[in-house]
Amino acid sequence: MSEIVKEFNEYRERMNASILEDNNKIIKRIFNLDTNAYMAGALDLKTKELLGLVASTVLRCDDCIKYHLETSYKEGLTKEEVVEALSIATLVGGTIVIPHLRRAYEFWDALESENL
């Protein structure tokens, strides 16, 4: 596993466990809502992940971008599909999202390098 992907996943897993350990009902419900929102429904999983990726890019949340990139990759989205979604995000978000676009490309490349 690429170092950038490994570090992100280990950190996310460790901190989510720490957060949930506090047993705060509101935080647990938010986590649950997030999980359920990304389940297949009227929209399929791939579409929802692309929507999440676009929103995360426009909001400039690198952790969210990485999460949606990895899930998109695991769901079988192509680089072309992801880049098209990122292009919409850049159009909507403006040039201020370009640094996040760079990191998104770096993370996607790391995901692809795992399965060469």
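Above this text sits the structure in question.
Residue indices follow the written sequence of each chain, beginning from 1 at its first position. Totals for whole chains, interfaces and linings use every residue, but because this is a predicted model, local features are given only for residues with pLDDT of at least 70 and side-chain atom pairs only at 80 or more, for both listing and counting. To get the side-chain values, take all heavy atoms of the structure and skip hydrogens and water.

Enquirer: Describe in detail the overall build of the chain, supporting the description with residues and values.
Expert: When you go through the chain residue by residue, the secondary structure sums to 6 helices and 0 strands. For the purposes of this entry, the term helix denotes a DSSP run of H or I that reaches at least four residues, the term strand denotes a run of E that reaches at least two, and both are numbered from the N terminus. Listing the helices and strands of the chain from first to last along the sequence gives α-α-α-α-α-α. Over its C-alpha trace the chain gives a radius of gyration of 15 Å, about what one expects of a compact globule, namely 13 Å for 116 residues. Dimensions of the chain along its principal axes, counting C-alpha atoms only, are 40 × 35 × 30 Å. Partly exposed residues are those whose accessible area sits between 20% and 50% of the maximum for their type, while under 20% is buried and over 50% is exposed, using a 1.4 Å probe and protein chains only. Taking all 116 residues of the chain together, the buried fraction comes to 28%. Residues are treated as being in contact if the distance between any of their heavy atoms lies within 4.5 Å. Across the chain, contacts joining residues at least 24 apart in sequence account for 64% of those joining residues at least 6 apart. Of the accessible surface of the chain, which amounts to about 7,600 Å², a share of 56% is contributed by carbon and sulfur atoms. Separation of charge centres in the chain, based on 14 positive and 20 negative side chains, amounts to 6 Å. Every radius of gyration here is taken over C-alpha atoms, with the globule rule written as 2.2 Å times N^0.38, N being the number of residues. A 1.4 Å probe and the Shrake-Rupley method give the accessible areas. Residues count as covered only by the protein chains that appear here. Two residue types count as positive, namely Lys and Arg, and two as negative, namely Asp and Glu; His and chain ends fall outside the count. Charged groups are reduced to one reference atom each: NZ for lysine, CZ for arginine, CG for aspartic acid, CD for glutamic acid.

Enquirer: Kindly report on the pattern of salt bridges, identifying the contributing residues and their values.
Expert: We define a salt bridge as a side-chain nitrogen of Lys or Arg found within 4 Å of a carboxyl oxygen belonging to Asp or Glu. In the structure shown here, the tally under the stated rule is 3 salt bridges. One salt bridge connects Lys74 with Glu70, and the closest N-O pair in it is separated by 3.5 Å. Of the two residues, Lys74 and Glu70 are both situated in helix 4 (residues 62-74); the distance of 4 residues between them amounts to about one turn of the helix. Across the pair Asp109 and Lys79 runs a salt bridge, and its minimum N-O distance is 3.5 Å. Highlighted residues: Asp109 in helix 6 (residues 98-113) and Lys79 in helix 5 (residues 79-93), separated in sequence by 30 residues. In this structure Asp109 comes out as partly exposed when scored by relative accessible area, which is 38%.

Enquirer: Account for helix 6, with residues named and values stated.
Expert: With 16 residues, helix 6 should cover 22 Å at 1.5 Å per step; its first-to-last C-alpha distance of 22 Å lies within 8% of that length. All of the buried residues along helix 6 are His100, Leu101, Ala104, Phe107, Trp108, Ala110 and Leu111. A helix is expected to reach a length of 1.5 Å times the quantity of its residues less one.

Enquirer: Give me the packing of aromatic side chains: which residues, what numbers.
Expert: Each aromatic ring pair is summarised here by two numbers: the centre-to-centre distance and the angle between the ring planes. A pair of aromatic rings is counted whenever rings of Phe, Tyr or Trp (Trp by its six-membered ring) have centres within 6.5 Å, and the orientation is called stacked for planes under 30 degrees apart, edge-to-face for over 60 and tilted otherwise. Tallying each qualifying case throughout the model produces 2 aromatic pairs. An angle of 80 degrees between the planes, with centres 5.8 Å apart, marks the rings of Phe8 and Phe107 as edge-to-face. Here Phe8 is found in helix 1 (residues 3-21), whereas its partner Phe107 is found in helix 6, with 99 residues between them in sequence. Side by side, Phe8 and Phe107 carry an identical accessibility label, which is buried. Consider the rings of Tyr73 and Trp108, whose centres lie 5.3 Å apart with planes at 80 degrees: the pair is edge-to-face.

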